[in-house]
Amino acid sequence: MSSGTQRAALAADGLPPLRSVVERDGLLARKSLGQHFLFDLNLTGRIAAAAGELSAGTTIEVGPGPGGLTRALLSHGARAVVAVERDRRFLSALDEIAGRYPGRLAVLEADALDVDAHAIGEAPRRIVANLPYNVGTRLLLEWLARPEAFESVTVMLQKEVVERIVAAPGSEAYGRLAVAAQWRWNPRRLFEVPASAFVPPPRVASAVVRMAPRAAPLAPAEPATLERVVAAAFGQRRKMLRSALRSLGEDPVPRLLAAGIDGDRRAETLSIEEFCALARAYAG
Ligand code: SAM
């Protein structure tokens with residue numbers, strides 16, 4: 001093969017096309033690790049662009065797999081990417097990418113659930129990931145608990161989870177996740193991605209959401225108390241609050257009165273500010 005033909009076989013970033021990397025390294029997707037790969041460079045480029053400015057601080061990617069999104073982040077100018085991957089079969093493909101972008105990609109072979117993302121690399125830190133869906137919500141809740149640690153979180157998740165993140169009071173999708181995501185963050189649903197865009201395709205459609213921390217929470221509350229109250233309220237979402245909140249171990253009526261909230265209401269009708277008032281009444 002002439003060097004001209006070899007060059008033509010490479011992708012725009014000078015690396016082999018992802019499909020051939022996956023074939024070359026025998027990277028069959030593992031369902032148990034939520035492996036669904038993106039080969040479409042337009043799509044990975046769109047996600048990288050949605051993450052915003054990447055030229056300062058650290059971009060943390062969870063689950064780089066064969067590196068489609070990693071490559072997009074680097075070609076969009078990410079100064080430093082730290083990619084956390086649990087499956088060591090991808091390390092050789094990721095090493096190849098690191099060689100193409102000297103000093104800009106570090107790979108951490110680890111379970112992301114064991115990693116303190118807020119301590120990785122230098123600030124400002126941002127998360128960008130096509131998340132493994134089996135642990136996506138858990139990871140997201142950990143990051144959402146640390147708004148001071150991240151400049152933004154831009155992630156692909158199941159469409160249904162993104163709907164729960166951005167849900168407004170009164171809707172079926174409004175619940176614990178909406179309160180956790182909106183109290184101190186401003187989540188924006190960006191675009192939908194059909195299952196057919198992944199190899200292999202998952203059962204459900206996906207969507208990309210970007211969250212940036214708010215300058216101040218929507219209302220004051222102590223995080224653990226807010227979480228407790230919201231969990232109890234939505235734990236029995238069809239019940240009136242004066243009954244659902246009994247699971248907190250005391251008569252909820254005086255607390256509801258103190259918060260100025262009618263005990264006949266149901267959890268899904270409360271705004272986040274009202275949940276905060278309730279949390280303050282429980283803390284008081
Ligand atoms: N970023 C790649 C892409 O967009 O094509 C792959 C995304 S795939 C949906 C999820 C990736 O997360 C897989 O590479 C999988 O091995 C990895 N993964 C799954 N569970 C993980 C965990 N607990 N910690 C770190 N990585 C994990």
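Predicted, not measured: the structure shown is a model, and the values here were computed from it.

Caption draft 1: How the structure looks around the domain arrangement of the protein. In terms of domains, the protein is made up of domain 1 (3–213) and domain 2 (223–283). When each unit is reduced to the centre of its C-alpha atoms, the spacing between domain 1 and domain 2 is 35 Å. The interface is formed by twelve residues belonging to domain 1 together with 15 residues belonging to domain 2. Together domain 1 and domain 2 conceal approximately 1100 Å² of surface at their shared face, both sides included; 63% is due to carbon and sulfur atoms. The largest per-residue losses of area from domain 1 upon contact with domain 2 belong to Y174, R176 and W183, which jointly make up 53% of the total buried on that side. The interface formed by domain 1 and domain 2 holds two salt bridges in total. Between E227 and R176 there is a salt bridge, and its shortest N-O distance comes to 2.6 Å. Counting across the domain 1 and domain 2 interface gives six residue pairs in polar contact (both at pLDDT 80 or more). Of the residues contributing to the side of domain 1 that touches domain 2, the split by class is five nonpolar, four polar and three charged.

Caption draft 2: Representation of the packing of helix α6 (residues 133–144) against helix α8 (residues 176–183). The geometry of α6 relative to α8 is characterised by a closest axis approach of 9 Å and an angle of 35° between their N-to-C directions. Both α6 and α8 take part in a crossing whose hand is left-handed. Contacts between α6 and α8 involve T137, L141 and L144 from the former and L177, A180 and A181 from the latter. Here the residues of the contact of α6 with α8 sort into five nonpolar, one polar and no charged.

Caption draft 3: Molecular detail of the environment of L38. Residue position: L38 is located in strand β1 (residues 37–38). Separated by 92 residues in the primary sequence, L38 and N130 have C-alpha atoms spaced 8.7 Å apart. If we ignore the near neighbours within four places in the chain, the residues touching L38 are L18, L43, T44, I47, G68, N130, M156, A197 and F198.

Caption draft 4: Representation of the site of the ligand. With respect to spatial proximity, 21 residues lie near the ligand, and among them Q35, G63, E85, D111 and N130 are the closest. Here a nitrogen atom of the ligand and a side-chain polar atom of D111 are 2.8 Å apart. Protein burial of the ligand: of its 590 Å² of free accessible surface, 99% is covered by the chains. Mapped by element, the contributors of at least two residues to the shell around the ligand are β1 and β3 (81–85). Across the shell around the ligand, the residue classes tally to ten nonpolar, six polar and five charged.

Caption draft 5: Quick look at the nonpolar core. In this structure, I47, L73, I97, M156, V193 and F198 are the most contacted members of the largest nonpolar core, which totals 32 residues. Looking at this core, the elements that each hand over two or more residues are α2 (18–24), β1, α3 (41–50), α4 (68–75), β3, α5 (91–100) and β7 (185–193). When residues in this core are grouped by element, the largest group, four residues, is from α4. Judged by nonpolar contacts, the second largest core, of 30 residues, contains I60, A117, L140 and L144.

Caption draft 6: Structural context of the sheet that holds strand β4 (residues 105–109). Taken together, the seven strands give an open sheet; going across it, the order is β4-β3-β2-β5-β6-β9-β7, and neighbouring strands pair in mixed fashion. A single partner strand is all that each edge strand has here, and the edge strands are β4 and β7. Ignoring which end each strand starts from, the neighbouring axes of this sheet average 20° apart. In terms of strand pairing, strand β2 (residues 58–62) meets β3 through four bridges, oriented parallel. Counted as the bridge partner of I60 is V82 from β3.

Caption draft 7: The arrangement of the packing of helix α9 (residues 223–235) against helix α12 (residues 272–283) in detail. Where α9 contacts α12, the two axes come as close as 9 Å, and the packing angle between them is 115°. Classified by the angle between their axes, α9 and α12 sit roughly perpendicular to one another. Crossing of α9 against α12: the hand is right-handed. Residue-level contacts link T225, L226, V229, V230, A233 and F234 of α9 to F275, C276, L278, A279, Y282 and A283 of α12. Each residue belonging to the contact of α9 with α12 can be placed in one class, and the counts come to eleven nonpolar, one polar and no charged.

Caption draft 8: Highlighting the pattern of salt bridges. In total, this model carries 21 salt bridges according to the counting rule given. Residue R126 is joined to E151 by a salt bridge in which the shortest nitrogen-to-oxygen separation is 2.7 Å. Residue R126 is found in strand β5 (residues 125–130), and its partner E151 is found in the loop between α6 and β6 (152–158); the two are separated by 25 residues along the sequence. Overall, E151 belongs to the partly exposed group, its relative accessible area being 36%. Among the ionic contacts, a cluster of salt bridges with common partners joins K159, E163, R189 and E192.

Basis of the calculations
Residues numbered from 1 in each chain as written. Predicted model: local features only at pLDDT ≥ 70, side-chain atom pairs only at ≥ 80, totals over all residues. Heavy atoms only, no water. Domains from an automatic or database assignment. Contact = heavy atoms within 4.5 Å. Buried area = accessible area lost by both parts, 1.4 Å probe. Salt bridge = Lys/Arg side-chain N within 4 Å of Asp/Glu carboxyl O. Polar contact = N/O pair within 3.5 Å; in protein donor to acceptor, adjacent residues only side chain to side chain. Nonpolar A, V, L, I, M, F, W, Y, C, P; charged D, E, K, R; others polar. Axes fitted to C-alpha atoms, helices over the stretch in contact; angles between N-to-C directions. Helix = DSSP H or I, 4+ residues; strand = E, 2+ residues; numbered from the N terminus. Left-handed = near helix turned anticlockwise from the far one by under 90°. Near = heavy atom within 4 Å. Areas by Shrake-Rupley, 256 points an atom, 1.4 Å probe, with all protein chains shown as cover. Core = buried A, V, L, I, M, F, W, Y, C linked by side-chain atoms within 4.5 Å. Buried < 20%, exposed > 50% of the residue type's maximum accessible area, 1.4 Å probe, protein only. Pairing = 2+ DSSP bridges. Parallel < 35°, antiparallel > 145°, perpendicular 65-115°, else oblique.

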